[in-house]
Amino acid sequence: MAQITWRVVYEEKSVDHVPPEVDEDQLAYYCCHYFLPAFMQNGRNVQDLLGFRERQGSDMGSDVLTERAWGSASTSDPSSTRTTNSSDATLPDPTPIIPYWSAKRHLTCGNAGPRSSSARLFPWRGTLVLCLNIDTNPCAALECWALEAIGSNLQHQFEGLSLKIPYKPILDPSYEDLRRFCITLLCFYYNGHGVPKPTPSGELWCFNRNYTQYIPVSLMEVQTWLGSPGVYIWDCSAAGHLLSNFITFAERRDQDAFTTRGGYADGMQPYMNSLQLAACATHEQLPTCPELPADVFTSCLTSPIDIALRYFIMTHHLPNNITPDMVMQLPGDLKDRRTPLGELNWIFTAITDTIAWTTFPRDVFTRLYRSDLLIASLFRNFLLAERIMKNYHCTPHTYPSLPATNTHQLWAAWDLALDTCLRQLPELLAKTPGAPNNPPSPIIGMGARSGQISQRGSSGAPNTEKPYQYIPSRFFTDQLTAFEVWISRGGSALTKRGPLSLPLQNGGDRCDTPDIVNGTTAPDADLVPRKPPDQLPIVLQVLLSQPHRLRALILLSQFVDLGPWAVNLVLTIGIFPYISKLLQAAGQDLRPVLIFIWARILAVDPSVQVDLYNTGGFKYFANVLATQEDNELPNSSEHKAMCAFILSAVARDFYNGQMACWRERVFDACSERLEEGDFLLRQWSALCIAQIWDSNDEVKVYGVDRGIQDKLILMLSDDSPEVRSAVLYALSTFMGAAGGKGQGGAGTGTQYQLEERIHFRMEVAVATGATLAVRDDAAQCCLVREWRGHFVVCAWMYWEEDRRWRASEPHTHYHHVEEEVTAQALAEWLDGFGDDEGSREENRVLLSSFFTIFVVLMELTIDPYHEVATLAQTVMDYIFALLLASPFAKLNLVPPLPVDHKPAGANGVHSRVSSAQGSPLIQHPPSPSLSRPSNTLRRTSSFANTLRHLAGGIPFPSSDEARAPPSPVPPSLSRSDILAASRPPSPNFNVAQYASPYSRPPTPLRDKERDLASPPVSPSAGTATFLPSHVMEALVEEDMVRLRARRREGANGRRSAGSGPGHAGGSAGGGLNSPCDSTFSMDSNVSNVPLGCGTGNGLRDVLPLKSSFFAWCCEYFTEPQMRQTEADEPGSVQYNYQVWRQQRNEQVITETQKQAVVAESSRWDRPVANLHVNSHPLCMAMHAYDPHLVIANDNDMISVWDWTQRKRLNYFCNGNPKGTSITSLHIINQDVGGIIMTGAADGIVRLYRNYDPTVNQGPLQMVSSFRALHELIRVRRGSGLVLDWKQSGGTLLVGGDSRIIRVWDAHTETQVLDLETNCDSPVTSITSDQGSSSTFIVGFADGLVKVFDRRLEEEDAIVRSYHDHHSWIQNTKYHPRISGQFLSASLAGEVRLWDLRGSDTAAQAWDLHHTGLSAFDVHSQTGVFATTSALTPANFRHQRLMVHSISDLPPLSTLSLPTGLNAYPPRPPTPYIPRHTSFTFHPMEMLYAVGQPDGSVKITGCKLT
């Protein structure tokens, strides 16, 4: 169990080992760099956030919560079964067991969900020129008489808003001057205090050249001079005339532009995009208060602190006779937040930002307050102007129009801050050396005072002593406390849409939060996050303060942890410049929280990669990743994993980012981290490598020189499924797959440091190694694209072997078959290498490797997981299209066969062992797997059938779609509905789409024409003048020419530094067309036959395939990590449901334990329920706690029943092929719901969730499916697939028609052990002890019973063998009461009790059915077993059922059950199940179910009273 070495309980204000100098306000945040969260799992609360965790165990899967320890704060090794359950004071742990196949990867298919749009906007810049027109009659005492001084003061005021923008005062301009200076302006300030008011028609006034009269200037002219967009400030009476007329003229101009010219030229925006600030409305006069400046509107916009102080003195009474002159001497610097003046300016900025954030729409706030510093300052100060001027019956206006803010509650906080500061003013002035005693000169005015940025009130002499002792305001401390209260008191809770919910995006109808939780449609999808706290902009401002920075960062990290919507909010507010500047800080205590916040930002908005590269901020994370000492960073591996993610996001689709990471040795650091114990660090190290060398030749060369590809191949056996997938992703990008938005291609790049043949062998070795380790089509599709000539050769050879096998069948009408076409072609091709035996063997082995990959791709086309099959079908159809376009199509060696030809055999399954092993490529296989290809490939996926699909324009899947479901279908259903009902449920988030190699599918043929269809033949086809070996030679050489062209491209100059990754696909090395323009052999020194191959001409470039795995992995950093999930949150619907389930389950266990004692001596004939399932129930499973009965019929249909209500809950198709049936059925994860697990005779295990529609968990979904056994042997009487599931250990034992028993580990989702049965008969039953024992019992068709111990070596795994039975073992079960004993039953009617510690003879025997036994089962809670008799020609209308006590000889109950048959069935309904009926006990209750051939299911119970 993970140990907590530090624990901070914030509510009780108690901390262990905290130094005494830490004050109360910072108590909960002491030593944050030790306490930052370990992000490896969900369910983290504030205490977890502040708790340092020492992890035990070397590894951990990402599904720790769902598969090992829901609600736990600990981690464990993925191969371990240890769990740690957190306890609650009043409620039990709602999920005490280990649910499997319930992780995010199972619920989302590894596909990323929809991403919300980013909220970041890019700023627009401009140049500001000040246009000033002052009359000679002043309106107020504070307005200056001197024109030049006023212009200079106003210039300083505007420069205080944005120092980077130059300003030009234009004093009392004439019409000509105004026109000349306005040509290049983007900001127009108009002060019309000394000229007439604007006219209602939209005219403002200036002077003539001689200053003898006023000249009207139309706004139409001003718009023409300035262009668009622009910023306009109207400070004059009746300014509303200018604002309203400007809008009218702008609308007219924009409409004319779009009507006549279709819009504006590049670089020009509509005039309606301009911004305006007007001092008053059309009918209002500017205030003339003597205590205020005449240009009070301008003063508010440019010197807000001074005017705010003066206004506060006018409206509030302060002690100590504080006068306005004293206020103007307030010491400090506007830029120094440690001084009184700087602190007030800081508080004012935070308050006005917060008022705007909480009042204005999000898009308006972003445009006005986060797009430009000047615009933000003007509109921030406008809020103060509105507050002051409305008290003087003057209402400022803006465009765009803004809601009123003068009564916002935060103005009270501003007044409090002013009051706190000014009450200290007398003492501050008294202790300030050199403070001036005289009031400022009126010539300076307020504008000059506020425009000064030097220390106010200080003398020219240097002051070495601290001038005053200022008590800072508690404003920010109080606001942070309020923000913390919001987070800690339900900030993560969801609510219904309304005033207290998160506002909709830009006034739309969608809230910026996903409606999909864990890959399923959430039952509370109508709930949205709460309205964000008002203090969020203040928290960003606090980041500028060193004393509050750490606390603010912690609170901010908790906020962004709430989800992508929270990250988008902080991006909208403008966190980027703040958080980017903090990367330059050297403090170690900020590292963990900065890493976490940056990981959240990049996960939500990857576009910040450019900014992170330009500022050099990525070096911060590169240094952390390269740190060797783990003690420098708490939870080092987890934070390094986040750094690897951040750096991978910087490198993704960005060549400059790739090279920068390479130069900072990020690639080397990631390669070193591949061997770390933390699974997340290994995963993201591999993903970071993938992004750095994606389409980057230099990095690929660097990686090959250091053997990174070999290191990755060895990691394909990693315990973590996420790590294995990440490694495959890295190998696929190495082989040419696109890691981002690029096209991909060009294989492994130029690899100019290698010889040509070594380069070739390296690419084939990497793809073959990945294929043999993990059957995957990602790296294979890249190899297909680059070496398509070799794959066409393999396709032709397989095609010929397939036709030869089909023609050799006894019933075929084609007898003229050339037996050794492929062998002769291969021999002739190898003869072309002369007497060089090394070269001959090398080329044969290489072609054999291609053939191995081709066979695996064929198998993947029928993979049970739909997404895998779809992608593999895209690759195979591409190869088939190349085959049809190749010169092989001109060869007419064998007459065409009917494409609908079906092989003989009841199973519809053809063993490819004969054809594949018959190929000359497999004479000396380079690896054992080549000699044992799967024999489960269906004939519907044969070449002939696939070519029919291509010719007929019908994509995969094939003929299985057309079969009707076994159950009656109403005639009103359309064909699409029938097909949907006959297909298995689709996995969730299944986004794979088939891509045809043709740009436009051919016109589908009619059925009769399709039956006679044959592979298309080139129009020039006739009598071919070349041999197959010539075609092989040409195609192989063309691949080598393509490789040489790729290598020449690298030698002549690799891609420039300015290009981005993913654009090399169109190069000579990656294009589809032949590098020799389809006249390949003319220029070749190898082939003398002008074949004009040009493989790929006219086909769509559908390869390489694109993966969404990286985007799916990025979603990990958008999910909450510091708080508990909704299912673990006490009081939530999911939590309450799991608590109820646990309490209900415990009650069932308690009751059944009492009943089990009585049931051993009671009758078992109490009728409970009768069901009719409309099919033959051959396999049944009952849920331990829910009233669910799962029934599988003799084909592939599964029904789920509520036996208490006698109601069918679900009915769906399993998807196993015709001729096979479901032979094993289980319900797993029963404590937390349940997943149906099926095993079919095709060797595939499938799992389904959400089968109960009454709990509203979403639609029925396939969780996973995999081929549990590849080597199924053909026997006359087989058992199909036999499964045994052990919930406590997550172990799946698989046997059947095979000579091995395979052990699968659900923790790692890998096969961990293969045990030889040492028996030629198929396995008929497997039973494992549900305790901690590693032993299990296996029954065989020949009557043999063996005991295996998987802890021993494979050759010693069989520890006991029993030979008393002489016929098919129907079932074996452990004794429910006595450890070390088990029972077995055979079809001969014999039941035996064995003792593992005793002799090899049975301890007790029953001979119950002389005519044969049909079914046998043992109750798992009580010492009772039951048997049913076999149906015979003499007795088939009734079946005898006997319930026995293991300890007593007389049967407890004997029943005669009607079968409903009118005639004796000569054979069982399926060749894999040697019985006509089914029987199963309830896992907990004293019940059993019997299924009869007529479709009736009887549920009977024990009479306990």
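Small disclaimer: the values here were computed from a predicted structure and weren't measured.

### Considering the overall build of the protein chain
Counting its regular elements, the protein chain contains 45 helices and 44 strands. Looking at the protein chain as a whole, 61% of its 1505 residues qualify as buried. Across the protein chain, every contact between residues at least 6 apart in sequence was considered, and the portion connecting residues at least 24 apart equals 69%.

### What to know about unusual backbone geometry
Working note: non-glycine residues mostly have negative phi, and peptide bonds are mostly trans. Pro400 follows Tyr399 through a cis peptide bond whose omega is 5°. Mapped onto the elements of the fold, Pro400 is located in the loop between strand S12 (397-399) and helix H15 (410-422). If you check the backbone angles, Ala238 has positive phi at about 55° while not being a glycine. With respect to the helices and strands, Ala238 occurs in the loop between strand S10 (231-235) and helix H8 (240-260). If you check the backbone angles, Glu1309 has positive phi at about 55° while not being a glycine. Mapped onto the secondary structure, Glu1309 falls in the loop between strand S28 (1300-1305) and strand S29 (1310-1316).

### What about the nonpolar core?
Ranked by size, the top nonpolar core spans 265 residues in total, and within it Trp234, Trp414, Phe559, Phe621, Trp684, Phe854 and Phe888 carry the most contacts. When sequence neighbours within four positions are dropped, the list of residues in contact with Phe621 reads Leu583, Ile595, Trp598, Leu612, Cys643, Ile646 and Leu647. With 20 residues, the next largest nonpolar core counts Leu1247, Leu1272, Leu1281 and Val1294 among its residues.

### Looking at the confidence of the model for the protein chain
Residues at a pLDDT of 70 or more form 70% of the protein chain, whose mean pLDDT is 74. Low confidence marks residues 1054-1092, where pLDDT is under 50. Its contacts with residues over four positions away, or in another chain, come to 94 contacts.

### Here's the deal with the packing of aromatic side chains
Using the criterion set out here, one finds 52 aromatic pairs in the structure. Pairing Tyr798 with Phe851 gives two aromatic rings, centres 6.2 Å apart and planes at 35°, and the pair type is tilted. Of the two residues, Tyr798 is situated in helix H35 (residues 788-807) and Phe851 in helix H37 (residues 837-860); the sequence distance between them amounts to 53 residues. Here Tyr798 matches Phe851 in class, with each residue buried. Taken together, Phe645, Trp684, Tyr729, Phe1109, Phe1110, Trp1112, Tyr1116 and Phe1117 form an aromatic cluster joined through their ring pairs. Here the guanidinium or amino end of Arg253 rests over the ring plane of Tyr271, the centre of that ring lying 5.2 Å away. Lying across the ring of Phe1340, Lys1346 places its NZ or CZ 5.4 Å from the centre.

### Let's talk about the pairing of strand S21 (residues 1207-1213)
One ladder, built from 6 bridges, connects strand S20 (residues 1197-1202) with S21; its direction is antiparallel. Each residue of the ladder has a partner; that of Ile1198, found in S21, is Phe1212. Hairpin connection, S20 to S21: the antiparallel pair is bridged by 4 residues, and Arg1206 has positive phi, about 55°.

### Describing a negative patch on the surface
A cluster of acidic residues, Glu1316, Glu1353, Glu1354, Glu1355 and Asp1356, forms a negative patch on the protein surface. Inspection of the secondary structure assignment puts Glu1353 in the loop between strand S32 (1345-1349) and strand S33 (1358-1362).

### So, helix H12 (residues 340-359)
Over its 20 residues, H12 runs 28 Å from end to end, which matches the ideal 28 Å to within 8%, given 1.5 Å per residue. Taking burial as the measure, the 20 residues of H12 include 17 buried ones, the bulk of the element.

### Brief notes about the sheet that holds S33
What the 4 strands build is an open sheet, ordered S30-S31-S32-S33; its pairing is antiparallel. If you trace the sheet from one side to the other, it starts and ends with strand S30 (1323-1328) and S33, each paired once. Put simply, the sheet's adjacent strands are angled 20° from each other on average, direction ignored. Direction of pairing for S32 relative to S33: antiparallel, over a ladder of 4 bridges. Residue Lys1346 lies in a different strand from S33, and its bridge partner there is Ser1361.

### A look at the side chain of Asn381
Relative to the assigned elements, Asn381 resides in helix H14 (residues 373-389). The buried category is assigned to Asn381, whose relative accessible area is 5%. A distance of 2.6 Å separates a polar atom in the side chain of Asn381 from the backbone oxygen of Leu301.

### Observations regarding the pairing of strand S34 (residues 1369-1374)
Counting buried positions along S34 yields 5 of 6 residues, so the element is predominantly enclosed. Pairing geometry for S34 and strand S35 (residues 1381-1386), over 5 bridges, is antiparallel. Counted as the bridge partner of Asn1371 is Ala1385 from S35. In this structure, the hairpin formed by S34 and S35 is closed by a connection of 6 residues, where Gly1380 is found at a positive phi of approximately 90°.

### Looking at the sheet that holds strand S43 (residues 1487-1491)
Reading across the sheet, the 4 strands line up as S17-S44-S43-S42 and stay open at both edges, with antiparallel pairing between neighbours. The strands lining the two open edges of the sheet, one partner per strand, are strand S17 (1166-1172) and strand S42 (1478-1481). Across this sheet, the average inter-strand angle for adjacent strands is 15°, counted without regard to direction.

### Focus on the pattern of salt bridges
Side chains that differ in charge, positive against negative, can pair when their charged atoms come close. As enumerated under the stated definition, the model contains 35 salt bridges in all. With a closest N to O distance of 3.2 Å, Arg551 and Glu484 form a salt bridge. Placement of the pair is Arg551 in helix H20 (residues 546-560) and Glu484 in helix H18 (residues 475-488), with a sequence separation of 67 residues. Take Arg551 and Glu484: they sit in the same class, and that class is buried. When the shortest N-O distance is used, the salt bridge between Asp1039 and Arg1042 registers 2.7 Å. In this pair, Asp1039 and Arg1042 are both assigned in helix H43 (residues 1028-1051), 3 residues apart and thus about one turn of the helix distant.

### Concerning the state of the cysteines
One pass over the structure, following the stated rule, counts 0 disulfides. Cys394 forms no disulfide, and the closest cysteine sulfur to it belongs to Cys280, at a distance of 4.4 Å. Sulfur of Cys670: no disulfide; nearest cysteine sulfur belongs to Cys688 and is 3.5 Å away. Relative accessible area serves as the criterion here: at 0%, Cys670 is assigned to the buried category.

### What to know about the packing of H12 against H15
Any two packed helices are characterised by how steeply their axes cross, that is the angle between the axes, and by the distance between the axes. Following both chains from N to C, one finds H12 and H15 inclined at 175°, their axes separated by 10 Å at the closest point. One way to sum up the angle between H12 and H15 is to call them roughly antiparallel. Contacts between H12 and H15 involve Pro340, Leu344, Ile347, Phe348, Ile351, Thr352, Thr354 and Ile355 from the former and Leu410, Trp411, Ala413, Trp414, Ala417, Leu418 and Cys421 from the latter. Residue classes in the contact of H12 with H15 are distributed as 13 nonpolar, 2 polar and no charged.

### As for H18
With 14 residues, H18 should reach 20 Å at 1.5 Å per residue; the first-to-last C-alpha distance of 20 Å fits that figure. Looking only at H18, the buried set comprises Phe475, Phe476, Thr477, Gln479, Leu480, Phe483, Glu484, Trp486 and Ile487. On its buried face, H18 is in contact with H12, H15, helix H19 (536-542), H20 and helix H21 (564-573). After H18 finishes, the residue Gly490 shows a positive phi value of roughly 95°.

### Regarding the packing of H12 against helix H13 (residues 362-369)
It is at 8 Å that the axes of H12 and H13 come closest, and there the two elements cross at 150°. Taken together, the axis directions place H12 and H13 in an arrangement best described as roughly antiparallel. Where H12 abuts H13, its residues Asp353, Ala356 and Trp357 lie against Arg362, Phe365 and Tyr369. Looking at the contact of H12 with H13 residue by residue, the classes come out as 4 nonpolar, no polar and 2 charged.

Criteria and thresholds
- Residues numbered from 1 in each chain as written.
- Predicted model: local features only at pLDDT ≥ 70, side-chain atom pairs only at ≥ 80, totals over all residues.
- Heavy atoms only, no water.
- Helix = DSSP H or I, 4+ residues; strand = E, 2+ residues; numbered from the N terminus.
- Buried < 20%, exposed > 50% of the residue type's maximum accessible area, 1.4 Å probe, protein only.
- Contact = heavy atoms within 4.5 Å.
- Core = buried A, V, L, I, M, F, W, Y, C linked by side-chain atoms within 4.5 Å.
- pLDDT = per-residue confidence, 0-100.
- Phe/Tyr/Trp six-rings, centres within 6.5 Å; stacked < 30°, edge-to-face > 60°.
- Lys NZ or Arg CZ within 6 Å of the ring centre and 35° of its normal.
- Pairing = 2+ DSSP bridges.
- Patch = residues over 30% accessible without salt bridge, like charges linked within 9 Å, V, L, I, M, F, W, Y side chains within 5 Å.
- Areas by Shrake-Rupley, 256 points an atom, 1.4 Å probe, with all protein chains shown as cover.
- Salt bridge = Lys/Arg side-chain N within 4 Å of Asp/Glu carboxyl O.
- Lys, Arg positive; Asp, Glu negative; His and termini not counted.
- Charge placed at Lys NZ, Arg CZ, Asp CG, Glu CD.
- Expected span 1.5 Å × (residues − 1).
- Axes fitted to C-alpha atoms, helices over the stretch in contact; angles between N-to-C directions.
- Polar contact = N/O pair within 3.5 Å; in protein donor to acceptor, adjacent residues only side chain to side chain.
- Disulfide = S-S within 2.5 Å.
- Parallel < 35°, antiparallel > 145°, perpendicular 65-115°, else oblique.
- Nonpolar A, V, L, I, M, F, W, Y, C, P; charged D, E, K, R; others polar.

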